[in-house]
Amino acid sequence: MESTQKKRNFSNFDEAAAYILRLLSKQIGINSIFIAKNDGLTNNIIKVHNSGKELVEEGSSMPLPQSFCSLSINHGASALVIEDVSENELTRSMDITANYGSGTFVGVPVYYNDGTVYGTICGLDDRYYKLSEEQLTTFEMMSTLLTYVLELEKANDQIQTLTAPIVPVTKGVAIVPVIGDITAPRAQVIINHVLDKCSKESMDYLIIDVSGVLQINSVVGEYLLKLVNILKVIGVTPVITGIQPFMALRVPHFAAALKDVLIEANLESALKQLGFVLIKECKEKTDLH
């Protein structure tokens, strides 16, 4: 019998978070469910699902101590439930309470695997809302699921970075061998990795070798052009090697857009253009017997 269940594929944390909030909203029914991220100082609302009134605005932020989320973090791993924020001693004197009058708040911290706090997953309503033990357990389970998603995304970013390592040749010169399929998310990871490395080390030339790229499209081509342009702005001279014929066919404007960039067929010719000479040394072995 063929299964009719749809397979869920999430390309990043934001997509998984949005799905979790929609799922929670259907199961629990509280007006606003949201995920907040904090750095210990500021509470940033990352994702929101408002089923009725827009009680919480996605993208908004406030000082962490002034937020309900801070109370949840201080409470610990179990769900904090405040049945009426206007009456509870923890919240009635907070400035944010005036925005809602009375209402119910529930919050659970979201952790990384090492125990540090990412933020919170919370529910908010401007009316009294009674949550069952089962619903509170669901909130706590979703917090654990978000931890799992966070760690998966972190591991994926590390893998993507490892597949485009920056290999130093000599002082001021390095090579980035880009290997495998290039997707837009992976291209952005590579750009971030390269810029972070360039900001920490003095670099004059960066050779971007794309001979190992298996697939490219116009979106990915734009990301590579973006990297080249950013390198120019920060004073690093980009050198491109290994452009394959299929790249020119798939992304016709790619080569044309690189007309002011040094392009070589392979790494050896690129290094020669930069003044490097490869010398093969042969040592004769002497038989002492």
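Provided above is the structure to which this section pertains.
These numbers were taken from a predicted model, which means no experiment stands behind them.

Mapped onto the elements, Thr 120 comes out in strand E6 (residues 117-125). Those residues in contact with Thr 120 that sit more than four places away from it in its chain are Phe 34, Ile 35, Ala 36, Cys 69, Ser 72, Ile 73, Val 108, Pro 109 and Val 110.

Now for the layout of surface pockets. When its volume is computed, the second largest pocket comes out at roughly 240 Å³. Mapped by element, the contributors of at least two residues to the lining of the second largest pocket are strand E2 (42-50), strand E3 (61-63) and helix H2 (68-75). Partitioned by chemical class, the residues of the lining of the second largest pocket number 10 nonpolar, 5 polar and 1 charged.

Before going further, it helps to examine the sheet that holds strand E11 (residues 262-264). The strand order across the open sheet built from 5 strands is E7-E8-E9-E10-E11, with neighbouring strands paired in mixed fashion. A single partner strand is all that each edge strand has here, and the edge strands are strand E7 (167-170) and E11. Ignoring which end each strand starts from, the neighbouring axes of this sheet average 25° apart. As paired elements, E7 and strand E8 (residues 172-181) share 3 bridges and run antiparallel to each other. Each residue of the ladder has a partner; that of Pro 168, found in E8, is Ala 174. Those strands touched by helix H4 (residues 184-200) are E8 and strand E9 (203-215), and its axis lies near 165° from that of E8.

It is worth spelling out the packing of aromatic side chains at this point. On inspection of all chains with the given rule, the structure shows 3 aromatic pairs. Look at Phe 68 and Tyr 100: their rings are 6.2 Å apart centre to centre, the planes differ by 40°, and that puts the pair in the tilted class. Of the two residues, Phe 68 sits in helix H2 while Tyr 100 sits in the loop between strand E4 (80-82) and strand E5 (104-111), which places them 32 residues apart along the sequence. Tyr 100 matches Phe 68 in its accessibility class, with the two residues each being buried. Judged by centre distance (5.3 Å) and plane angle (50°), the rings of Phe 68 and Phe 105 are tilted.

What follows covers the packing of H4 against helix H5 (residues 218-233). Contact geometry of H4 with H5 gives a least axis separation of 9 Å together with a crossing angle of 10°. Taken together, H4 and H5 sit at an angle that is classed as roughly parallel. Along the contact surface, H4 presents Ala 184, Ala 187, Gln 188, Ile 191, Val 194, Leu 195 and Cys 198, while H5 presents Val 219, Val 220, Tyr 223, Lys 226, Leu 227, Ile 230 and Leu 231.

Quick look at the pattern of salt bridges now. Across all of its chains, the model carries 7 salt bridges by this definition. In this structure, Glu 58 engages Lys 47 in a salt bridge whose closest nitrogen and oxygen atoms are separated by 3.8 Å. Of this pair, Glu 58 sits in the loop between E2 and E3 while Lys 47 sits in strand E2; the two residues are 11 residues apart in sequence, bridging distant segments of the chain. Glu 58 sits in the partly exposed class, given a relative accessible area of 42%. For Lys 47, a relative accessible area of 19% translates into the label buried. Ionic pairing is found between Lys 272 and Glu 268, a salt bridge with its closest N-O pair at 3.6 Å. Of this pair, Lys 272 and Glu 268 both sit in helix H8 (residues 267-273), 4 residues apart, which is roughly one turn of the helix. By relative accessible area, Lys 272 is classed as exposed at 51%. Given a relative accessible area of 42%, Glu 268 falls into the partly exposed group.

The rules behind the values
In this convention, every chain numbers its residues from 1, walking through the sequence in written order. Local features in a predicted model are, by the rule used here, given only for residues with pLDDT of at least 70; side-chain atom pairs are given and counted only at 80 or more, and totals for whole chains, interfaces and linings are based on all residues. Derived side-chain values reflect all non-hydrogen atoms in the structure, with water molecules and hydrogen atoms excluded from consideration. Counting from the N terminus, the helices are DSSP H or I runs at least four residues long and the strands are E runs at least two residues long. The criterion used for residue contact is that any of the two residues' heavy atoms lie within 4.5 Å. Points on a 1 Å grid over protein atoms alone make up a cavity when a 1.4 Å probe fits among them but cannot get out, and a pocket when they form an open set with protein on both sides within 12 Å along at least five of seven lines; lining residues each have an atom within 4 Å of a point. Grid points are joined across faces, edges and corners, and a volume is the space filled by probe spheres set on the points. Nonpolar residues are Ala, Val, Leu, Ile, Met, Phe, Trp, Tyr, Cys and Pro. Charged residues are Asp, Glu, Lys and Arg, and all others, Gly as well, are polar. Any two strands with at least two DSSP-identified bridges between them are counted as paired. Each axis is a line fitted through C-alpha atoms, and for a helix only the stretch in contact is used; angles between axes span 0 to 180 degrees, taken between their N-to-C directions. The rule is short: rings of Phe, Tyr and Trp, with Trp giving its six-membered ring, pair when the centres are within 6.5 Å, and they are stacked under 30 degrees, edge-to-face over 60, tilted in between. Partly exposed residues are those whose accessible area sits between 20% and 50% of the maximum for their type, while under 20% is buried and over 50% is exposed, using a 1.4 Å probe and protein chains only. Angle categories: roughly parallel below 35 degrees, roughly antiparallel above 145, roughly perpendicular from 65 to 115, and oblique for all the rest. Any carboxyl oxygen of Asp or Glu that lies within 4 Å of a side-chain nitrogen of Lys or Arg is treated as forming a salt bridge with it.

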